[in-house]
Amino acid sequence: MITTDQKNLIKATVPVLKENGVLLTDHFYKRMFKHNPELKNVFNMGNQQNKRQQTALAMAILAYAEHIENPAVLMPAIDGIGQKHMSLDIRPEHYLIVGKHLLASISEVLGEAATPQILDAWEVAYNQLAQIMSGHEHKLYSKQVQKQGGWSGWKPFIVKEKIVESSEITSFHLYPTDNGPVADFIPGQYISVRLFIPELNLLQPRQYSISSAPNGEYYRISVKKEVSVNVNPDGIISNRLHDFVNTSDIIEVSAPAGSFTLNTENDHPVVFISGGVGQTPLISMLENLIKSGSKKPKTWIHGCRDKNVHAFKDVIEYWAGEKQEVKKHIFYNQIDEQARSENLYKGWVDLNLLDPEVLSPDAEYYICGPGAFITKHYKELVGRGIKKEAIHFEEFGPQTLQL
């Protein structure tokens, strides 16, 4: 058990973590991959290159130090991390490796400031956190395997359909190779896909939102192709799916995970706000509401560059037009005369251009898109008096937003 004196030592390191947290985590990852290069097959090397993983870990360590007196307040964040870990098949033995290199990194980065007492305190604190995390993840794994068709780790799935949704986005329909049932999921969740990348000589995992409602037969992911001249680990899995993975190919998939999910326990209106490929978890939520016969008022607000990159355009128009199930508001940065129609706006998504009644004060809001997109619209909604607990959002990749 961590003592009061050790808690005080942990809290005393908070200013250092605020100033040098990313320096510490950057050193940590370099050290760990040097001594345990096999872990490069587990971690997203794109997020290593763009430093998002280092930033996310630094923020997590800082939050833990700040709340060392009561780590329970971090459970929502712990659940989000645990869901991601489950999708990557992180196991208790990984925590032993991480702890070893994290403590060594604290000593190497802080130098003489890392006294034996501080290192002892952080060792106890880390072991406490590892027990909390691995215990929570054990529950998540157990819950997953108890589902019909459920599993843990990696399972082979076959691509039975590959459908071009727009000039940038293609959907893949994934069926289990054993022809068994497909484990259920909550709309908004994601799966991980793992491919071998010859350019890196590594297996690499990536998370993709499931872009269809639960159907018991397959998972659909809808993937944006990233355009880059150089080999970029950040988009290399998406591009390989587009360029090399075809129908009848087999890929490895982890079970559905994620805490950004649709709330179906009330009759409040729902408003979906998305930018670009950020619509993928939201289209799953909307389709689920429509197919389940939900009477919730539904509003769809989406922005992208133009009609050519607009995936799921036809199905949204069908639900909004003939089905009268949803009210849509679409923003294009570029509009040609043939594309002009009702509720189509020029420019990036701007909630101020919508009639005030569109943004109901008793609605629940779901936002997904780039970090700046989420921040902008979250602040706009809060400024309009929407309660924070009614605003749900997901940032793709390591979580670095603090709203």
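Quick note: structure is the one above.
Sequence order sets the numbering: in each chain, residues are counted from 1 along the sequence as written. Whole-chain, interface and lining totals are the exception, using all residues; otherwise, since this is a predicted model, local features are given only for residues with pLDDT of at least 70 and side-chain atom pairs are given and counted only at 80 or more. Side-chain measures were taken over the full set of non-hydrogen atoms in the model, leaving aside hydrogen atoms and water.

Visitor: Please provide a residue-by-residue account of the pattern of salt bridges, values included.
Guide: A pair is scored as a salt bridge if a Lys or Arg side-chain nitrogen falls within 4 Å of a carboxyl oxygen belonging to Asp or Glu. Inspection of every chain in the model, using the stated rule, returns 16 salt bridges. Close ionic contact of lysine 298 with glutamate 325 constitutes a salt bridge, the shortest N to O distance being 3.6 Å. Here lysine 298 is found in strand S8 (residues 298–304), whereas its partner glutamate 325 is found in the loop between helix H10 (313–320) and strand S9 (327–332), with 27 residues between them in sequence. Only protein chains enter the calculation, and the probe is 1.4 Å; a residue is then buried if its accessible area is under 20% of its type maximum, exposed if over 50%, and partly exposed in between. For lysine 298, a relative accessible area of 5% corresponds to the buried category. A cluster of three or more residues bridged by salt bridges with shared partners is formed by Lys7, Lys11 and Glu69. Counting from the N terminus, the helices are DSSP H or I runs at least four residues long and the strands are E runs at least two residues long.

Visitor: An account of unusual backbone geometry is needed here, citing residue identities and associated values.
Guide: For aspartate 89, which is not glycine, the phi torsion reads 60° and is therefore positive. Relative to the assigned elements, aspartate 89 resides in the loop between helix H5 (75–87) and helix H6 (92–110). Judged by its relative accessible area of 21%, aspartate 89 is partly exposed. A positive phi angle, close to 55°, is found at glutamine 324, a residue other than glycine.

Visitor: Describe the nonpolar core, with residues and values.
Guide: Joining through side-chain atoms within 4.5 Å is the link that ties buried Ala, Val, Leu, Ile, Met, Phe, Trp, Tyr and Cys residues into a set, and such a set is a nonpolar core. Grouped together as the largest cluster of nonpolar side chains are 36 residues, with contacts concentrated most on Ile10, Leu17, Met32, Phe33, Phe43, Trp122 and Ala125. Not counting the four nearest positions on each side in its chain, isoleucine 10 is found in contact with Ile2, Ala65, Ile68, Ala121, Trp122 and Ala125. Judged by nonpolar contacts, the second largest core, of 27 residues, contains Phe272, Leu289, Ala311 and Ile316. Residues count as neighbours in contact if any of their non-hydrogen atoms are within 4.5 Å of one another.

Visitor: Let's hear about the pairing of strand S1 (residues 155–164): which residues, and what values?
Guide: Two strands qualify as a pair provided that DSSP identifies no fewer than 2 bridges between them. By the bridge criterion, 4 bridges tie S1 to strand S6 (residues 250–253) in an arrangement that is antiparallel. Along S6, the bridge assignment pairs proline 156 with glutamate 252. Hairpin connection, S1 to strand S2 (residues 169–176): the antiparallel pair is bridged by 4 residues.

Visitor: I'd love a proper account of the sheet that holds S2, names of residues and values included.
Guide: Strand pairing in a sheet takes place through backbone hydrogen bonds and is either antiparallel or parallel in direction. One open sheet holds the 6 strands; their spatial order is S4-S3-S6-S1-S2-S5, and the pairing between them is antiparallel. Of all strands in the sheet, those with a lone pairing partner are strand S4 (202–209) and strand S5 (219–224), marking the two edges. Put simply, the sheet's adjacent strands are angled 40° from each other on average, direction ignored. For strand S3 (residues 190–197) and S4, the ladder comprises 8 bridges, and the chain directions are antiparallel. What sits directly across from isoleucine 197, in S4, is leucine 202. Between N-to-C directions, angles span 0 to 180 degrees; the directions come from axes that are lines fitted to C-alpha atoms, helices contributing only their stretch in contact. Sitting on the sheet, H5 touches S3 and S4, and the angle it makes with S3 is about 40°.

Visitor: Can you tell me about H5, naming the residues and giving the values?
Guide: Look at H5: 18 Å from first C-alpha to last across 13 residues, which is about the 18 Å you get at 1.5 Å a residue. Within the sequence span of H5, burial applies to Ile78, Asp79, Gly82, Gln83, Lys84, Met86 and Ser87. Contact partners of the buried residues in H5: helix H7 (116–145), S3 and S4. One or two residues past the end of H5 sits aspartate 89, with phi positive at roughly 60°. The span expected for a helix works out to 1.5 Å for each residue beyond the first.

Visitor: Break down the pairing of S9 for me, with residues and values.
Guide: In terms of residue burial, S9 counts as a mostly covered element, since 5 of its 6 residues are buried. Whether a crossover is right-handed depends on one test, that the path from the first strand over the helix to the second runs clockwise when the strands point away from the viewer. For the handedness criterion, the β-α-β arrangement of S8, H10 and S9 is classed as right-handed. With 3 bridges joining them, S9 and strand S10 (residues 344–346) adopt parallel strand pairing. Bridge pairing links isoleucine 330 to leucine 344 in S10.

Visitor: Help me get a handle on the side chain of glutamate 364, residues and values and all.
Guide: Secondary-structure assignment places glutamate 364 in strand S11 (residues 364–368). Here a polar contact is taken to be a pair of N or O atoms separated by no more than 3.5 Å, where protein atoms must pair a possible hydrogen donor with a possible acceptor and residues adjacent in sequence count only if both atoms sit in side chains. Within the structure, the side chain of glutamate 364 is placed 2.8 Å from the side chain of histidine 392, a separation counted as a polar contact. Each residue touching glutamate 364, except ones within four places of it in the same chain, is listed here: Asn263, Asn266, His268, Pro269, Val270, Val271, Ala390 and His392.

Visitor: Which residues make up the sheet that holds S10, and what are the values?
Guide: The strand order across the open sheet formed by 6 strands is S10-S9-S8-S7-S11-S12, and the pairing between neighbours is parallel. Strands at the two margins of the open sheet, each flanked by one partner only, are S10 and strand S12 (391–394). When the angles between neighbouring strand axes are averaged without regard to direction, this sheet yields 15°. Bridge analysis of strand S7 (residues 270–275) against S8 gives 6 bridges, and the strand direction is parallel. Considered in S8, the bridge of glycine 275 is made with glycine 303. On the sheet, helix H11 (residues 371–383) packs against S7, S11 and S12 and is oriented at approximately 160° with respect to S11.

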